[in-house]
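What the coordinates show
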Number of protein chains: 2
Amino acid sequence: MRATKPPAAPLYTACPNDLARHSLAWPRRSEPVVSNPAVPRLVTANAGPLLALEQKIVDAMPAIERWFRLQWQDHTPPFYGSVDLRNAGYKLAPVDMNLFPGGFNNLSEGMLPCAVQAAQSAIEHLCPDARNLVLVPERHTRNLFYLANVARLARILRQTGLEVRIGSLSDEVKEPTRIELPSGDVLTVEPLVRHGAKVGVAGFTPCALLLNNDLSAGIPRILRDLDDQIIVPPLQAGWAIRRKSNHFAAYDVIAAEFAQLVDIDPWLINPAFGRCGEVNFHERAGEECLASNIDFVLGKMRDKYKEHGIDDTPYVVVKADAGTYGMGVMTVKDASEVRGLNRKQRNKMSVVKEGLEVSEVIIQEGVPTNELVDNAVAEPVVYMIDRYVVGGFYRVHTERGRDENLNAPGMHFVPLAFAGSCNLPDCGSSAGESAANRFYAYGVIARLALLAASVELERTAHRVDSASAAVMAAVAG
Amino acid sequence: MRATKPPAAPLYTACPNDLARHSLAWPRRSEPVVSNPAVPRLVTANAGPLLALEQKIVDAMPAIERWFRLQWQDHTPPFYGSVDLRNAGYKLAPVDMNLFPGGFNNLSEGMLPCAVQAAQSAIEHLCPDARNLVLVPERHTRNLFYLANVARLARILRQTGLEVRIGSLSDEVKEPTRIELPSGDVLTVEPLVRHGAKVGVAGFTPCALLLNNDLSAGIPRILRDLDDQIIVPPLQAGWAIRRKSNHFAAYDVIAAEFAQLVDIDPWLINPAFGRCGEVNFHERAGEECLASNIDFVLGKMRDKYKEHGIDDTPYVVVKADAGTYGMGVMTVKDASEVRGLNRKQRNKMSVVKEGLEVSEVIIQEGVPTNELVDNAVAEPVVYMIDRYVVGGFYRVHTERGRDENLNAPGMHFVPLAFAGSCNLPDCGSSAGESAANRFYAYGVIARLALLAASVELERTAHRVDSASAAVMAAVAG
């Protein structure tokens, strides 16, 4: 029945913003004025391209949302993902897209209902008659921060009505192991077992396996050639096959189309990159390829900086093309720097997670971050499930500069109440004034990266068999 | 990239519960202890069937969610809906299902992101390439409380990226009319216009029309026989065609299947009902049908009360089978009461909204409400968009009893932070202890009614042409 009479009093309260207790600022200004404790005021130093960019995104919201709806008719979103963004003021771009996000525990509690709703949608698309799901975590079962992520993820999935068990690839997990977390949560991690062409945990064969393991060590035999079981994200999303350069090649196309839609220079949302396929840091092989790609990217940046009137110093980030964890990352301002690497630097660049040797390298335009949280340099990380933004946080590093990698020991996380923001732009106020609008723009750019990941996974689906075998041989060798 | 380091400090805060500032209690006990201000503690007077029922629902969550997923494969949810629930302690049941919900303004602000996400899903199913939508409100454009609902709904829809205009059926709206609301929101209401087989507002032809008008006055000519435009909810959802008895007949089947799933007596979630098709209160026609149906429902209730050890006094609610707004509603404890109605009572029952004559009547088992908010009798109302619970509130009436209709002048609304609750049952605690679990159960029963509405609309789709013509003739006559 309908409400025809007035409420006794206005009883609404907004979600508290987790950032309210932190000061947020852009550099080169005095302390920000937090006028409304519920909405952090981000003070921007640049009145030019930044505002222009964000305002264009907010203004084009109807066109953008319709465009995404149509894109998702043609492309299936990955089950989940997180995107590292850098906001330089003049430029807002993804610098990394993670298909096995490991920081669900860093999201605000207030975002959980939206995350559950998005997971319901993902599972409807995946296998609506599912009762059971096995979550396959990373092997390092002693990292309590990572395990808190697994616990949070399992909680979200269970709240969609699935029975969820944790099945580990680790040889150390020989029987169901109960782990108590500092939060009070209890995780039971069980060994993955295979019977014929089905995999699961003892007495439990799921319809689908959800990987939260990025397969840096190759595609394990136990997960190959399954019969009728779905693995998400698909095996080619693992670092055994995946290459950052494939992702950013797909992103180039997406960003160009989007830039046309909102009438901007695609460079404003897209970092330039190059790739070297045969680098051996130990043997100093491939240095010329590196140097010429660095020159190429720096040259492109100088042109763009000139075009847009930016007086920052261009730098590139050299990283493993197949890698994670912020390992194997180097910041370079001149091509000559890669010609005379000392042993320590070469060792650092040689190896990423699980001892995987680096031979392929991406040279990516460095996007400085212009955001500060509590006076420390910060970058936003946006989390998505299915096609929906479900939360985010600032990665903050008190000892790093605005042109450095923040994904490094010493970082910490400040959750964003992306809830009322990533899908709720405030069309009445200007982007410079409204944190909600900045967060909407973050959600849009993150979804562009998600869409690029979807295209990337379509393009690389055929590589599962050949490439993974080669990588396994390489790891074994 | 992955989070490997600890957050600086636990920074999460839960959504504030709008109910925290209100006392919630069940009767027959001393004042409730609100131990955690974020989660209202509902103290229950009955340790028996209520706890058993809610606990069964929470325990069966995986089976329930899977069952809903499969049901939604076969049935399309209505675009939106709201359900009035009554929680008697021993019984939790829907008593009304509104397909044109009018209280979106009464939902908590914190629920908006979930509502937007659900609306995105609804629109994807409806017409993914939509740019434009016309929202058709009720005619009474001077009711500021209703207009606040329209403004909230338009805001939710706009945040999915649609361009939304308000197109009125009212003859009084002859040109675009700007209405300022007490909240500061501004609504522009325009006349609906038709060109050929398309309807819209001036210069704006939408892909879809969303009705927030329950068509009590019949299906207007302007909405009939459209070419290629979608109307949601469909025309048979309007009271010109819809009958409560059809809804509850569909609910009978859904409730029986669900009861089997969770192993309960279906009566615990389903109010008994009867129907009289030819009643004329003015002419005292149909009194015998009414009296015998009242006897039948009361008799069934006495049996069930005996079976479950309940010592309440059974009562039935007599209401228009096609009606809304809490008009034409009468509470009856004995069949003799309908035999000697005085003129005032007969007048009250004769007419519902828009002067529609009552000739069909539903006789529904009365479910007393056992919930109190600030010591006033309350009933939960749950709001849904697509297949998702997006919020709710308590309808509270300080001057009514627990066996009375609360949808009456003097009622007010207390929004629920259904956010962290309707899809987040807390499986670790018992239902009696946890408001979250009670709210999960509310969300489940509300979704059963939504599913019944979906079945009901499938069954009555063919009635649009014949029935609406007849109703229009009746209204004209």
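Refer to the structure presented above.
Just so you know, these numbers come straight off a predicted model, no measurement behind them.

A few words on the sheet that holds strand E14 (residues 329-332) of chain B. All names here are of chain B. The 4 strands lie next to each other as E12-E15-E13-E14, forming an open sheet whose pairing is antiparallel. Bordering the open sheet on either side are strand E12 (273-276) and E14, each of which pairs with just one other strand. Along the sheet, successive strands turn relative to each other by an average axial angle of 20 degrees, direction set aside. Inspection of the sheet shows strand E13 (residues 316-320) paired to E14 by 4 bridges, in the antiparallel sense. Across the sheet, Val316 pairs through a bridge with Val332, a residue of E14. Packing against the sheet, helix H5 (residues 244-262) makes contact with E12, E13 and strand E15 (361-365), and its axis sits at approximately 150 degrees to E12. Seen against the sheet, helix H6 (residues 287-308) touches E12, E13, E14 and E15 and runs at an angle of roughly 175 degrees to E12.

A word on the state of the cysteines. Residues and elements named next belong to chain A. Tallied over the full model, the rule gives 4 disulfides over all chains. Here Cys276 engages in a disulfide with Cys289; their sulfurs sit 2.2 Å apart. Disulfide Cys276-Cys289: the torsion about the S-S bond is -100 degrees, which places it as left-handed. In this pair, Cys276 sits in strand E12 (residues 273-276) while Cys289 sits in helix H6 (residues 287-308), placing the two residues 13 residues apart along the sequence.

So, about the pairing of strand E10 (residues 208-211) of chain A. Along any regular strand the residues' side chains alternate between the sheet's two faces. Residues and elements named next belong to chain A. Alternating residues of E10 divide into Ala208 and Leu210 and Leu209 and Leu211, and every residue in both groups is buried. When strand E4 (residues 132-136) meets E10, the two strands line up parallel, connected through 4 bridges. What sits directly across from Leu133, in E10, is Ala208. For E10 and strand E11 (residues 230-232), the ladder comprises 3 bridges, and the chain directions are parallel. Bridge pairing in E11 places Leu210 opposite Val232.

Among the secondary structure elements, A:Glu138 is positioned in the loop between E4 and helix H4 (144-158). You can call A:Glu138 buried: its relative accessible area is 1%.

Cut-offs and rules
- Residues numbered from 1 in each chain as written.
- Chains lettered and ligands numbered in written order.
- Predicted model: local features only at pLDDT ≥ 70, side-chain atom pairs only at ≥ 80, totals over all residues.
- Heavy atoms only, no water.
- Pairing = 2+ DSSP bridges.
- Helix = DSSP H or I, 4+ residues; strand = E, 2+ residues; numbered from the N terminus.
- Axes fitted to C-alpha atoms, helices over the stretch in contact; angles between N-to-C directions.
- Contact = heavy atoms within 4.5 Å.
- Disulfide = S-S within 2.5 Å.
- Buried < 20%, exposed > 50% of the residue type's maximum accessible area, 1.4 Å probe, protein only.

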